[in-house]
Amino acid sequence: MILHIVEPTLNSYAGHCHSLVQAIVQAAPVEQVQIWAGKGGEKYWHGKGQLKSHFFRPLRRIQAFFLYRRLLRQAGKVLLPTAGTSDLMTLDWVAKGLIPAHKIYLYIHWVGAKALKADKLAAIARHQPNLEILCTTPSGTAFFGALGFRARTVSYPHSASLLQDHQVSAFSHLVVAGAARADKGFERIVDLVETLARSKAVWPILVQSSTTHHDKYSPEIRRLIDRLTGAGYAPLTLQINTLTPANYLAQFHGGISIQPYSESDFEDRVSGVALDALCAACPIVATANTWLARMVCRYRAGVVTSDLSPAGLIAAVERILSDYNGYAQGAANAGHALNSQHSGSAMMAAIFEDSGLLDSEKMSQKLE
């Protein structure tokens, strides 16, 4: 049996699509894995699975139409790890008749604007009742289930190669990891750095301001980066280029991860950056009333705050610094606990439960 993974945004290490696909491939109980990725993706892929650079971004939706039609006619299972409404619509469009059961799996990370398209989605569920919707959180599962889809919750897969035991390190710096994005509070970070500069603070801060997988900045993010570089804060290290996985993880060691994410966007949305930080024993400053805040509170892995102003973020950092070793140990404990919860085994069980591949002792051990 072959597993087809369709991920048009996998064209570099940017974002979390690379690590997400890596986690899925590592757990796959079949040797034949075909990854349909963006142009240039082959330069960043090593190990199991055959990656085909297929998608040009401007033509992505047109190419998806023809690829989905092709894959529906072939043997094997198809997984879309970062599926959206357009994928559901395209699949419904290209299918001639009913899509077979246990054929197409769509991993949907959050509901967001999809709630505004509930009527269209419900119509697709009526046309294609065999589509399998996998969601990162129970709220997403409830939403799609209510529309008539076959939906279940599957924990966000985190690459086993990243889940290493890390010693709790002494504090050395603040860190802002991941791509520069408005929904992840990048403007809050710029405000913070400008305040630190005016107050003559001495905390080193690493800010990763690489692009998303789109490989370009929006005008607003470009303006914020200009403000950041003009802040004149000497202990600032601005990392514009996308990091290798090893260098990306290294920046968490001895750090405090500042994650002033939008409450509305991340209320029930898993953060890959948060998982990475916790697995590196890095305490987190998190926005209250988010999925991340619940993880932080459960394990005392950092500080949760509703005040995302510079003063609020500084107060949260100072609280962590008052017991850095304790909070770092809490982060390490969270990383260990989330290790098993966020392996790829749950997704593989959802996809291959009908195939018999998971019945053998060997496959069971592989997915532990």
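Every chain's residues receive numbers from 1 upward, in the order its sequence appears when written. Two thresholds apply to this predicted model, a pLDDT of at least 70 for residue-level local features and 80 or more for giving and counting side-chain atom pairs, whereas whole-chain, interface and lining totals are computed over all residues. The basis for every side-chain value is the complete set of non-hydrogen atoms in the structure, without hydrogens or water.

Caption draft 1: Quick peek at the overall build of the protein. By the criteria applied, helices consist of DSSP H or I runs no shorter than four residues and strands consist of E runs no shorter than two, each listed in order from the N terminus. Scanning the protein from terminus to terminus reveals 15 helices and 13 strands. The quantity called the radius of gyration is restricted to C-alpha atoms. Its globule counterpart is 2.2 Å times the number of residues to the power 0.38. Relative to a compact globule of 368 residues, whose C-alpha radius of gyration would be 21 Å, the protein shows 21 Å and is just as compact. C-alpha extents for the protein along the principal axes are approximately 65 × 45 × 40 Å. When the 368 residues of the protein are sorted by exposure, 56% land in the buried category. Contact definition: two residues touch when any of their heavy atoms are within 4.5 Å. Sequence separation of 24 or more characterises 72% of the internal contacts of the protein that already satisfy a separation of 6 or more. Accessible area of the protein: about 15,800 Å², with a carbon and sulfur share of 52%. Distance from the positive charge centre (35 side chains) to the negative charge centre (28 side chains) of the protein: 8 Å. Relative accessibility under 20% of the residue-type maximum defines a buried residue, over 50% an exposed one, and the middle range a partly exposed one, all with a 1.4 Å probe and only protein chains included. Note on areas: Shrake-Rupley, 1.4 Å probe, and residue coverage restricted to the protein chains presented here. Residues scored as charged are limited to Lys and Arg (positive) and Asp and Glu (negative), so that His and the chain ends carry no count. By convention, the point assigned to a charge is CZ for Arg, NZ for Lys, CD for Glu and CG for Asp.

Caption draft 2: Here's a closer look at the packing of aromatic side chains. Under the pairing criterion, centres of Phe, Tyr and Trp rings, with the six-membered ring standing for Trp, must be within 6.5 Å; the plane angle then separates stacked pairs below 30 degrees from edge-to-face pairs above 60, leaving the rest tilted. All chains considered together, the criterion is met by eight aromatic pairs. For the ring pair Y13 and Y44, a centre distance of 4.9 Å and an interplane angle of 80° mean the geometry is edge-to-face. Taken together, the residues Y13 in the loop between β1 (2-7) and α1 (17-27) and Y44 in the loop between β2 (32-38) and β3 (50-55) connect sequence positions 31 residues apart. For Y13, a relative accessible area of 22% gives the class partly exposed.

Caption draft 3: Representation of the side chain of T136 in the model. Structurally, T136 can be placed in the loop between β6 (132-135) and α5 (138-146). By relative accessible area, T136 is classed as buried at 8%. Within the structure, T136 has its side chain in polar contact with the backbone oxygen of H109 (distance 2.8 Å). Other than its neighbours up to four places away in sequence, T136 contacts Y107, I108, H109, T153, V154, Y156 and V270. Think of a polar contact as two N or O atoms within 3.5 Å of one another; within protein, one of them needs to be a possible hydrogen donor and the other a possible acceptor, and neighboring residues in sequence only count if both atoms come from side chains.

Caption draft 4: Region of the structure containing a positive patch on the surface. Exposure above 30% relative accessible area and no salt bridge define the residues that can form patches, which grow by joining like charges within 9 Å and nonpolar side chains of Val, Leu, Ile, Met, Phe, Trp and Tyr within 5 Å. Salt bridges are counted wherever a side-chain nitrogen of Lys or Arg sits within 4 Å of a carboxyl oxygen of Asp or Glu. Among the surface-exposed residues, R57, R61, K117, K120 and K216 lie close enough to one another that they form a single positively charged patch. Mapped onto the secondary structure, R61 falls in helix α2 (residues 60-72).

Caption draft 5: Seen up close, the environment of D265. Here D265 is to be found in helix α9 (residues 263-266). We classify D265 as partly exposed; its relative accessible area is 35%. Each C-alpha atom, one on D265 and one on W110, is 8.6 Å from the other, the two residues being 155 residues apart in sequence.

Caption draft 6: Summary view of helix α11 (residues 291-299). Every buried residue of α11 is accounted for by W291, L292, A293, M295, V296 and Y299. Elements that come into contact with the buried residues of α11 comprise β11 (255-259), α9, α10 (272-279), β12 (284-287), β13 (302-305) and α13 (324-341).

Caption draft 7: Main features of unusual backbone geometry. Non-glycine residue H102 carries a positive phi angle of around 60°. Here H102 is to be found in the loop between α3 (85-94) and β5 (104-108).

Caption draft 8: The arrangement of α1 in detail. For α1, the buried fraction is high: nine of the eleven residues fall into the buried class. Regarding α1, the residues found buried are C17, H18, S19, L20, V21, A23, I24, V25 and A27.

Caption draft 9: Representation of the sheet that holds β1 within the structure. Judged by pairing direction, the sheet is parallel, and its seven strands sit side by side in the order β3-β2-β1-β4-β5-β6-β7 without closing on themselves. The open sheet has two free edges, formed respectively by β3 and β7 (150-153), since each of these has just one partner strand. Averaged over neighbouring strand pairs, the angle between their axes works out to 20° when direction is ignored. Packing against the sheet, α2 makes contact with β1, β2, β3, β4 (77-80) and β5, and its axis sits at approximately 135° to β3. Every axis corresponds to a line fitted to the C-alpha atoms, with the helix fit spanning only the stretch in contact, and the corresponding angles, defined between N-to-C directions, vary from 0 to 180 degrees. Of the strands in this sheet, β1, β4, β5, β6 and β7 touch helix α14 (residues 345-352), which is tilted by about 140° from β4. By the convention used here, strands pair only if DSSP detects at least 2 bridges between them.

Caption draft 10: Looking closely at the sheet that holds β11. The six strands are arranged β10-β9-β8-β11-β12-β13 in an open sheet whose pairing can be described as parallel. What marks the edges here is a single partner per strand, and that holds for β10 (236-239) and β13. The sheet shows a mean angle of 20° between the axes of neighbouring strands, taken without regard to direction. Here three bridges tie β11 to β12, and the two strands are oriented parallel to one another.

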